Amino acid sequence: MGKAKLLVTGITVMALMFGATACAGNNNEAKSINNAPEESKPQAGNMDPMGKYDPAITVTAVRAISDGMTFSEGESLQNNVWSRAYEKELGIKINYDWTTPTAQYDQKLNIAIASDQLPDIMKVNAAQLKRLVEDEQIEELTSFYSSTASEFTQKILSEDGGNALKSATFQDKLYALPMMGSGLGQADVLWIRADWLKNLGLDVPKTMDDLMSVAKAFTFNDPDQNGKQDTYGLGLNKDIADKDAGAYYAAAEGFFNGYGAYPNIWVDKDGELAYGSIQPEIKIALAALQSMYKDGLLDKEFGTKDPSKVNQDAVAGKVGMLYGYFWNTGAGWLQDSKIADPKADWIAVPLPSATGEPAKAQVPFAINSYYVVKKGAEHPEAAVKLLNLALEKLWGETAEPDIYNTDAEKGTALFNYALLYGEAPRKNLDAYLHVTDALKTKDPSKLNPEEKGYYDSSVKALDGDNNYFGVLNMYGEKGSLSVLEGYSKNNTLQNDLFFGAPTDGMTEHNATLQKQQLETFTQIVMGGDLNQFDRFAENWKALGGSAITKEVNEWNKSR
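Calculation notes
- Residues numbered from 1 in each chain as written.
- Predicted model: local features only at pLDDT ≥ 70, side-chain atom pairs only at ≥ 80, totals over all residues.
- Heavy atoms only, no water.
- Phe/Tyr/Trp six-rings, centres within 6.5 Å; stacked < 30°, edge-to-face > 60°.
- Helix = DSSP H or I, 4+ residues; strand = E, 2+ residues; numbered from the N terminus.
- Buried < 20%, exposed > 50% of the residue type's maximum accessible area, 1.4 Å probe, protein only.
- Core = buried A, V, L, I, M, F, W, Y, C linked by side-chain atoms within 4.5 Å.
- Contact = heavy atoms within 4.5 Å.
- Salt bridge = Lys/Arg side-chain N within 4 Å of Asp/Glu carboxyl O.
- Pairing = 2+ DSSP bridges.

A. Just the packing of aromatic side chains, in detail. A full pass over the atoms with the stated rule returns 27 aromatic pairs. Between Tyr248 and Trp333 the ring centres are 6.0 Å apart and the planes differ by 85°, which places this aromatic pair in the edge-to-face class. With a gap of 85 residues between them, Tyr248 in the loop between strand 8 (232-235) and strand 9 (249-251) and Trp333 in the loop between strand 12 (319-324) and helix 13 (334-340) connect regions that are remote in the sequence. Consider the rings of Phe533 and Phe536, whose centres lie 6.1 Å apart with planes at 50°: the pair is tilted. A residue pair is termed a helical-turn pair when its members lie 3 or 4 positions apart in one helix, as Phe533 and Phe536 do in helix 21 (residues 532-558) at three residues. Here Phe533 falls in the buried class, since its relative accessible area comes to 2%. Relative accessible area serves as the criterion here: at 2%, Phe536 is assigned to the buried category. Ring pairing ties together the aromatic residues Trp266, Tyr275, Phe365, Phe498, Phe499, Trp540 and Trp555, which thus form one cluster.

Set out below in structure tokens:
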């Protein structure tokens, strides 16, 4: 996801859930983290949030290497702007026991967990976190967080109301540092070619019927005016609404939301929590997608195309609409469409709905990764200090985004080099409000360094430089973040009502159930029997879903 996070990060995936024993309520958690018993507090180590070890210490780590990670000449994972900052400012050297491509990371880490060959610090998913806690392989971090987390770190990690920390808390004890992100940043908008609308005399779609009409016109009425029938209405990737794959670009979650359907998240149904993917509204949305496929409004080969391949079609001027995240206009994505064709005017609009009333955009639980410290590590507090430094250098009052976030000149995602990472849930929305105000007043003096960068890029875009079109199309007055701010203001959001580590049933059955879901949805869209959905819903329950639903509701009642 390095490319996806080049300008701003927002990333991706359905909420993972945890069982009734995995979390504490607000009061217990606050008591646990902020008032740890004196005897549990560490007696050695440098607890100053930004204090430097002297002499320097060395910690071991492992990590995934994202696609497209590059380094300047003479630099490497062991020698870059972040490794130098760790050593210079904190006195921490990092040795990597191993690295591996992102696609192989979980498998390799699972082997290390099984053989108890763990580094001092590692990133884990929710299932791995639960396993490590149960097997007593990682340090409890309650007192280290209380004593060593900076005020800014504590602010960011609590900005979602405390759910992130609760998801890392077991039996009133904190065992991990959540990798903070924005759930709202993973809500869909509809991206649409405004220039094509203008060419055909069409309005922005407000209803799903409008969307169908626009998709038909974009397919058959020569929207690019090249005299050829070589376009199609809606871009869709092969994973449709797969929580673990390409939901961030040209998936169908936003399309489903338009019918009041919420795949992959847990919703309220008559006072109980129910899994959105098996609700009857899903069948209605699938029927609509099936009709679009039959009528040629979708690419007949969508089942073979990942997000990058759909983007190639968008850049080539072959597709006029797609659902995705607010950053889809960034470099490497729709920004490339503007460079390839300066007439391409992609705009973000709110989700159309079947009723004409505002659609509720689904919002996943944002935390899907955690940082943990192995049991017996000499300096558990070092992980907290590394996170303090990362958050401050990226987003704090002394942030230096041009040094630590992105090298705009080279297009290098410098934040990828950081061992620990996170961002405030509202960071991008707040930046949008600040940048928009500065653009109106032409006074950027109140902006922080990151926001000033967005402001400067937006000014260049307004002056006609298409290389900065993507930034303006996020942070400008009518940018994609204005759509998310509208969702937030108008409360047109459907939050996932479950969060945390997987229940036992999820650990055992989720992979099979998710595979069955993707296969069924894809077959239906491509012309299969619509009643396959009913069989899928029943099979989902029989193959572990009913047990999972029981666990989920027990968790909900115990909170």
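B. Up close: the nonpolar core. Within the largest apolar cluster, 168 residues are counted, with the highest numbers of intra-cluster contacts made by Leu129, Phe255, Phe256 and Met292. Those residues within four positions of Phe255 in sequence are excluded, and the remaining contacts are Met208, Leu211, Met212, Leu234, Ala285, Ala288, Leu289, Met292 and Tyr323.

C. Fine view of the pattern of salt bridges. Inspection of every chain in the model, using the stated rule, returns 22 salt bridges. Note that Asp430 is salt-bridged to Arg426, the shortest N-O span being 3.1 Å. Looking at Asp430, the relative accessible area reads 27%, which means it is partly exposed. Asp529 is the partner of Arg535 in a salt bridge, and the nearest nitrogen-oxygen pair spans 3.7 Å. Residue Asp529 is classed as partly exposed on the basis of its relative accessible area of 41%. Connected through salt bridges with shared partners, the residues Arg193, Asp195, Asp341 and Lys343 form a single ionic network.

D. Spatial organisation of the environment of Asn95. Looking at the secondary structure, you find Asn95 in strand 2 (residues 92-101). On the accessibility criterion, Asn95 (40% relative accessible area) is partly exposed. For Asn95 and Ser182, which are 87 residues apart along the polypeptide, the C-alpha to C-alpha distance reads 30 Å. Setting aside chain neighbours within four positions, we find Asn95 in contact with Thr58, Val59, Thr60, Ala61 and Gln78.

E. Just unusual backbone geometry, in detail. With an omega of 10°, the peptide bond running from Asp54 to Pro55 counts as cis. Here Pro55 is to be found in the loop between helix 1 (26-34) and strand 1 (57-65). The phi angle at Asp172 is positive, at roughly 70°, despite the residue not being glycine. Secondary-structure assignment places Asp172 in the loop between strand 4 (169-170) and strand 5 (173-174). In this model, Lys442 sits at a positive phi of 60°, which is unusual for a non-glycine residue.

F. Examining the pairing of strand 12 more closely. In terms of burial, strand 12 is largely enclosed, as six of its six residues are buried. Pairing analysis gives three bridges linking strand 8 to strand 12, with the strands arranged parallel. Residue Tyr232 lies in a different strand from strand 12, and its bridge partner there is Val319. Bridge analysis of strand 9 against strand 12 gives two bridges, and the strand direction is antiparallel.

These results come straight from atomic positions and should not be treated as a statement about function.
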